[in-house]
Amino acid sequence: MTGLSIPAKAYLLACDVAKGKLRDRHRVGLLIRGAALTDLVVRGRVADADGRAVASGTGPTGDLVLDELLTEIAGESPRKWKWWVRKDTRGTLESVESQLDAAGVIELKTGRVLGLFPSRRPIVRDPALVDRLRAAVDQALRGPSPVSDVDAGDAALTALVAAVELRDVVSGRDRRHHKERIEGLTERGGGAVPALRKLFRELRAVRASAAASSGGS
């Protein structure tokens, strides 16, 4: 892997480096799927047509995970971004994990919890890499450059992690304080980012409702 894709970077930012795990695989699955779509937008390989994702351009991207998703999009009639973000989140998440493991970026430890439930634990081989990614996000969010001058990949990555509220990367205070800048960064990322944000809010609402029901019973 000569360079990290946006979904690979998003995955690393979602890792709990100290504990060697992902805190919330469902949320991270949505993040990675949204990041893969956004990466294709940044590369000019997917475009928006009346609120729907359509493939554009020809030839491979050089990234197997992105190529697989691009083939899916090209083979379907145009569908809304939200549909694409939701589709096969687990498969895309595991593909990115396996890709990072094969590239030596992480060591993926697999096993079973209580001998029954499969588990996948990522050990980041170079924690300094995650620190550099955090610094890039911080610079995109707080830096003096106007949004239009922020690197397209960094802009997209920042918008994505803000959309799923990775608080240890972009805090709630930062989301509120830099709300307008985040919106500007989001606009540069295409239609997958707002779709991801809506899906995450729906997930959060469902979980809150379930917790309230459980507490009241």
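Whatever comes next refers back to the structure up there.
What you see is a predicted model, and the numbers here were worked out from it, not measured in a lab. Along each chain, the written sequence defines residue order, and numbers are assigned to residues from 1. The predicted origin of the model limits local features to residues at a pLDDT of at least 70 and limits the giving and counting of side-chain atom pairs to 80 or more, whereas totals for whole chains, interfaces and linings rest on all residues. Heavy atoms from the whole structure form the basis of all side-chain values; hydrogens and water molecules are not counted.

Trainee: How should the packing of aromatic side chains be read in this particular structure?
Mentor: Aromatic ring pairs are reported here in terms of the distance separating the ring centres and the angle at which the planes meet. Only rings of Phe, Tyr and Trp enter the pairing, Trp through its six-membered ring, and a pair is recorded when the two centres are within 6.5 Å. The plane angle decides the type: under 30 degrees is stacked, over 60 is edge-to-face, the rest tilted. Enumeration according to the criterion identifies one aromatic pair in this entry. With centroids separated by 4.8 Å and ring planes inclined at 90 degrees, the aromatic side chains of W83 and W84 adopt a geometry described as edge-to-face. Burial status follows relative accessibility: with a 1.4 Å probe on protein chains alone, a residue under 20% of its type maximum counts as buried, one over 50% as exposed, and anything between as partly exposed. Residue classification places W83 among the partly exposed residues on the basis of a relative accessible area of 28%. Counting as a charge over the ring demands two things of the Lys NZ or Arg CZ atom: a distance within 6 Å of the ring centre and an angle within 35 degrees of the ring normal. Over the ring of W83 we find R79, and its NZ or CZ is 4.2 Å from the ring centre.

Trainee: Help me out: how do you make sense of the pattern of salt bridges in this one?
Mentor: Two side chains carrying opposite charge are able to pair once their charged atoms lie near each other. The salt bridge definition used is simple: a Lys or Arg side-chain nitrogen within 4 Å of an Asp or Glu carboxyl oxygen. A complete count under the given rule lists 20 salt bridges for this structure. Here R132 ties to D126 by a salt bridge, and the two come within 3.7 Å at their closest N and O atoms. On the accessibility criterion, D126 (35% relative accessible area) is partly exposed. If you follow the salt bridges from partner to partner, you end up with D16, R23, R134 and D168 in one network.

Trainee: For this particular structure, what's the right way to read the side chain of D63?
Mentor: For D63, the position within the fold is in the loop between β4 (52-55) and α3 (64-75). Buried charge without a salt bridge: D63, with R43 as the nearest opposite-charge side chain at an N-O distance of 5.2 Å. In the analysis that follows, any N or O atom pair within 3.5 Å is treated as a polar contact, provided that within protein one partner can donate a hydrogen and the other can accept it, and provided that, for residues neighboring in sequence, both atoms belong to side chains. At a separation of 3.0 Å, a polar atom in the side chain of D63 contacts the main-chain amide nitrogen of L66. For D63, the side chain forms a polar contact with the side chain of Q99, separated by 3.3 Å. Look past the residues within four positions of D63 in its chain and what remains in contact with it is S5 and Q99. Only DSSP runs of H or I with at least four residues qualify as helices, and only runs of E with at least two residues qualify as strands; both kinds are numbered from the N terminus onward. When charges are counted, Lys and Arg contribute as positive and Asp and Glu as negative, whereas His and the chain ends are disregarded. Here a residue-residue contact requires only that any non-hydrogen atoms of the pair lie within 4.5 Å.

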